[in-house]
Amino acid sequence: MMTDDREAPRGPARRQEAIAERIHAKGELAAAELAELFHVSVMTIHRDLNELERQGIVRKLRGGVTAQPSSVFESNVAFREKSMRREKDAIAARAVELIEPGMAVILDDSTTSLALARKLEPLAPLTVVTNFLTTIELVAGMPGIRLIALGGDYDMLHNSFLGVSCTDAVAALQADLCFVSTSAVTGEYAYHQEQHIVPVKRAMLASATRSVLLIDHTKLARTALYRVTSLKSFDHVIVDDGARPEALSGLDELNLSYDVVAVPTSPLELP
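Okay, so let's go over this structure. (Residues numbered from 1 in each chain as written. Predicted model: local features only at pLDDT ≥ 70, side-chain atom pairs only at ≥ 80, totals over all residues. Heavy atoms only, no water.)

Section: helix α3 (residues 42-54)
1) Next: With 13 residues, α3 should reach 18 Å at 1.5 Å per residue; the first-to-last C-alpha distance of 18 Å fits that figure.
2) Next: Looking only at α3, the buried set comprises Thr44, Ile45, Asp48, Leu49 and Leu52. Each buried residue of α3 lies within a common arc of 135 degrees when the element is viewed along its axis, so the set occupies one face. Set apart from the buried face of α3 by more than 90 degrees, the exposed residues are Met43 and Arg54. (Helix = DSSP H or I, 4+ residues; strand = E, 2+ residues; numbered from the N terminus. Expected span 1.5 Å × (residues − 1). Buried < 20%, exposed > 50% of the residue type's maximum accessible area, 1.4 Å probe, protein only. Arc of directions from axis to C-beta.)

Structure follows, in structure tokens:
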């Protein structure tokens, strides 16, 4: 905890950045706790939280704030990049085995597909198609990777390009493989909280010969508002071994092809 006023960030913008970092690290905090931490009034903290919520970085609760997702709210990409990193890396390690040199691969704007993107360079030559700015910046520096960046309306919350321009661009392509992740899997369907994300994911799935769903086990215990597609639309599903047996039995009942990957117990250092 900060014990000296000189440690507190100066100015609203710097304080809001520091508040966002603390919330992303903790997941959820009370407004009173933040006020004490940053040596400002609760009213000031609420003004800061209003601005962070406007930017889509956090979600206000009664008496506090959270970076956690809900059925109608997707977490900010900065928070998602930090969460379930070992699980995502284990899923990506299995997914990369499905890719062969010379393929054209579509990656959505999920942080799970980002973990996969980090592993692509040894498989060059490849063509990578994505709307995720973080992946675009990563893959652009990989030798032997042809990058097709999907444009559109920039969305700060997801750090990706969306909208009609994006769906039209991906619809003009035909890739070998498409890797997507969704916010929730319930019953026979995959769901997402954000309505404007759904058409892009659907377009990506329609533009690939085969599609793979990448989901960490928390997605199997979560709900979201908008239906993306039937699980039967996927040729394969990859999930980590934190998935509960009843969730996996649901995949069995649908006769889905899936892999359950073991997650190493020791932390993995990711770039």
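Points about helix α2 (residues 31-38)
1) Next: Here α2 has its buried residues at Ala31, Leu34, Ala35, Leu37 and Phe38. Looking straight down α2, one finds that the buried residues subtend no more than 165 degrees of arc, so they occupy a single side.
2) Next: Downstream of α2 by a residue or two, His39 has a phi angle that is positive, lying close to 60 degrees.

Some remarks on the sheet that holds strand β5 (residues 126-130)
What links the strands of a sheet is backbone hydrogen bonding, and the strands pair in either a parallel or an antiparallel sense.
1) Next: The seven strands lie next to each other as β6-β5-β4-β9-β12-β14-β15, forming an open sheet whose pairing is parallel. Of all strands in the sheet, those with a lone pairing partner are β6 (145-149) and β15 (258-261), marking the two edges. For this sheet, the mean inter-axis angle between neighbouring strands, taken without regard to orientation, is 20 degrees.
2) Next: Two strands pair when backbone bridges link them, and strand β4 (residues 104-107) and β5 are joined in this way by four bridges, in the parallel orientation. (Pairing = 2+ DSSP bridges. Axes fitted to C-alpha atoms, helices over the stretch in contact; angles between N-to-C directions.)

What to know about the sheet that holds strand β2 (residues 59-61)
1) Next: One open sheet holds the three strands; their spatial order is β1-β3-β2, and the pairing between them is antiparallel. Edge strands, defined here as strands with exactly one partner in the open sheet, are β1 (28-30) and β2. Strand-to-strand twist across the sheet, computed as the mean angle between neighbouring axes with direction ignored, equals 25 degrees.
2) Next: Note: β1 against strand β3 (residues 64-66), three bridges, orientation antiparallel. Following the sheet pairing, Ala30 is matched in β3 by Gly64.
3) Next: Taken strand by strand, α2 contacts β1 and β3, and its axis lies near 80 degrees from that of β1. (Contact = heavy atoms within 4.5 Å.)

Points about the packing of α2 against α3
1) Next: At a closest axis distance of 9 Å, the pairing of α2 and α3 adopts a crossing angle of 105 degrees. One way to sum up the angle between α2 and α3 is to call them roughly perpendicular. Residues Ala31, Ala32, Leu34 and Ala35 of α2 touch α3, and the partners they reach there are Val42, Ile45, His46 and Leu49.
2) Next: Residue composition of the contact of α2 with α3, grouped by class: seven nonpolar, one polar and no charged. (Parallel < 35°, antiparallel > 145°, perpendicular 65-115°, else oblique. Nonpolar A, V, L, I, M, F, W, Y, C, P; charged D, E, K, R; others polar.)

Side note on the pairing of strand β9 (residues 175-180)
1) Next: Of all six residues making up β9, five are buried, and the element is well covered by its neighbours.
2) Next: With three bridges connecting them, β4 and β9 associate as parallel partners. From the neighbouring strand, Val105 faces β9, where its bridge partner is Leu177.
3) Next: As paired elements, β9 and strand β12 (residues 208-215) share five bridges and run parallel to each other. In the strand pairing of β12, Cys178 is matched with Ser211.

Some thoughts on the side chain of Lys88
1) Next: Summarising the element assignment, Lys88 is placed in helix α5 (residues 85-95).
2) Next: Although buried, Lys88 forms no salt bridge, and the nearest oppositely charged side chain, Asp216, lies 5.2 Å from it.
3) Next: There is a polar contact of 2.6 Å between the side chain of Lys88 and the side chain of Thr111. (Lys, Arg positive; Asp, Glu negative; His and termini not counted. Salt bridge = Lys/Arg side-chain N within 4 Å of Asp/Glu carboxyl O. Polar contact = N/O pair within 3.5 Å; in protein donor to acceptor, adjacent residues only side chain to side chain.)

Examining the environment of Asn131
1) Next: Relative to the helices and strands, Asn131 is located in the loop between β5 and α7 (133-139).
2) Next: What makes Asn131 buried here is its relative accessible area of 1%.
3) Next: Sequence separation of Asn131 and Leu150 is 19 residues, and the distance between their C-alpha atoms is 4.7 Å.
4) Next: With residues up to four places along the chain from it excluded, the contact list for Asn131 reads Leu107, Asp108, Asp109, Ile136, Leu150, Ser160, Phe161, Leu162, Cys166, Val200 and Met204.

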